[in-house]
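# Inside the fold
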Amino acid sequence: MELTRSSLCGFLLEEGEEDLAVLIARSDLPEILDSERHAPALAALGLEEEELLALLPAVSGDPNTAGSLSEEDRARLKRTISDRWAHLVDVWTGVRGAHS
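The sections below set out a description of the structure shown in this document.

Basis of the calculations
- Residues numbered from 1 in each chain as written.
- Predicted model: local features only at pLDDT ≥ 70, side-chain atom pairs only at ≥ 80, totals over all residues.
- Heavy atoms only, no water.
- Helix = DSSP H or I, 4+ residues; strand = E, 2+ residues; numbered from the N terminus.
- Buried < 20%, exposed > 50% of the residue type's maximum accessible area, 1.4 Å probe, protein only.
- Contact = heavy atoms within 4.5 Å.
- Core = buried A, V, L, I, M, F, W, Y, C linked by side-chain atoms within 4.5 Å.
- Axes fitted to C-alpha atoms, helices over the stretch in contact; angles between N-to-C directions.
- Parallel < 35°, antiparallel > 145°, perpendicular 65-115°, else oblique.
- Left-handed = near helix turned anticlockwise from the far one by under 90°.
- Nonpolar A, V, L, I, M, F, W, Y, C, P; charged D, E, K, R; others polar.
- Salt bridge = Lys/Arg side-chain N within 4 Å of Asp/Glu carboxyl O.
- Patch = residues over 30% accessible without salt bridge, like charges linked within 9 Å, V, L, I, M, F, W, Y side chains within 5 Å.
- Areas by Shrake-Rupley, 256 points an atom, 1.4 Å probe, with all protein chains shown as cover.

## With respect to the overall build of the protein
- Looking only at helices and strands, one finds 5 helices and 2 strands in the protein.
- Counting all 100 residues of the protein, 34% fall into the buried class.
- Sequence-distant contacts in the protein: of pairs separated by 6 or more residues, those separated by 24 or more amount to 61%.

## Let's talk about the nonpolar core
- Ranked by internal contacts, the top residues of the largest apolar core, which has 22 residues, are L8, L12, I24, L42 and L47.
- For this core, the elements supplying multiple residues, two or more each, are α1 (5-14), α2 (18-25), α3 (39-45), α4 (49-59) and α5 (71-93).
- Looking at this core, the element that brings in the most residues is α1, giving 5 residues.
- If we skip the residues at most four places from it in the chain, L12 touches E17, E18, L20, A21, I24 and L55.

## Topic: the packing of α1 against α2
- The N-to-C vectors of α1 and α2 enclose an angle of 165°; their axes lie 8 Å apart at closest approach. For the element pair α1 / α2, the angle class is roughly antiparallel. The chirality of how α1 crosses α2 is left-handed. Along the contact surface, α1 presents R5, L8, C9, L12 and L13, while α2 presents E18, L20, A21, I24 and A25.
- A class-by-class count of the residues in the contact of α1 with α2 yields 8 nonpolar, no polar and 2 charged.

## A few points about α1
- Of all 10 residues in α1, 9 are buried; the element is thus mostly enclosed.
- Of all the residues in α1, the buried ones are R5, S6, S7, L8, C9, G10, F11, L12 and L13.
- Positive phi appears at G16, one or two residues downstream of α1, with a value of about 85°.

## Observations concerning the pattern of salt bridges
- Summed over all chains, the structure comprises 1 salt bridge.
- A salt bridge links E31 to R5; its shortest N-O distance comes to 3.9 Å. With E31 in the loop between α2 and β2 (32-34) and R5 in helix α1, the pair connects residues that are 26 residues apart, well separated along the chain.
- Taking relative accessible area as the criterion, E31 reaches 35% and is therefore assigned partly exposed.

## Considering a nonpolar patch on the surface
- The grouping of V89, V91 and W92 at the surface amounts to a nonpolar patch, some 250 Å² of accessible area in total.
- Assignment of secondary structure puts V89 in helix α5.

Structural data, given as structure tokens:
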């Protein structure tokens, strides 16, 4: 089944999985994901195949539909991911709180 990386990340953010959403958003995966073909790469980032299969009904749909996310939602998602990425880098480098 195909899904968009942005819809997956948006859903993960809504579910409180900010770190995982950021890792997926910053990965080299394509914007259109195939749940079978990209399952190993997603598992390597921390989204196990069973979890992905459980999420599919919530994030699937036609990935070619232009209106899947509004411009405002896209901007909010991008901002959230950027902020969370900065936080993760701070934690990983021991800076913590420099970008809070």
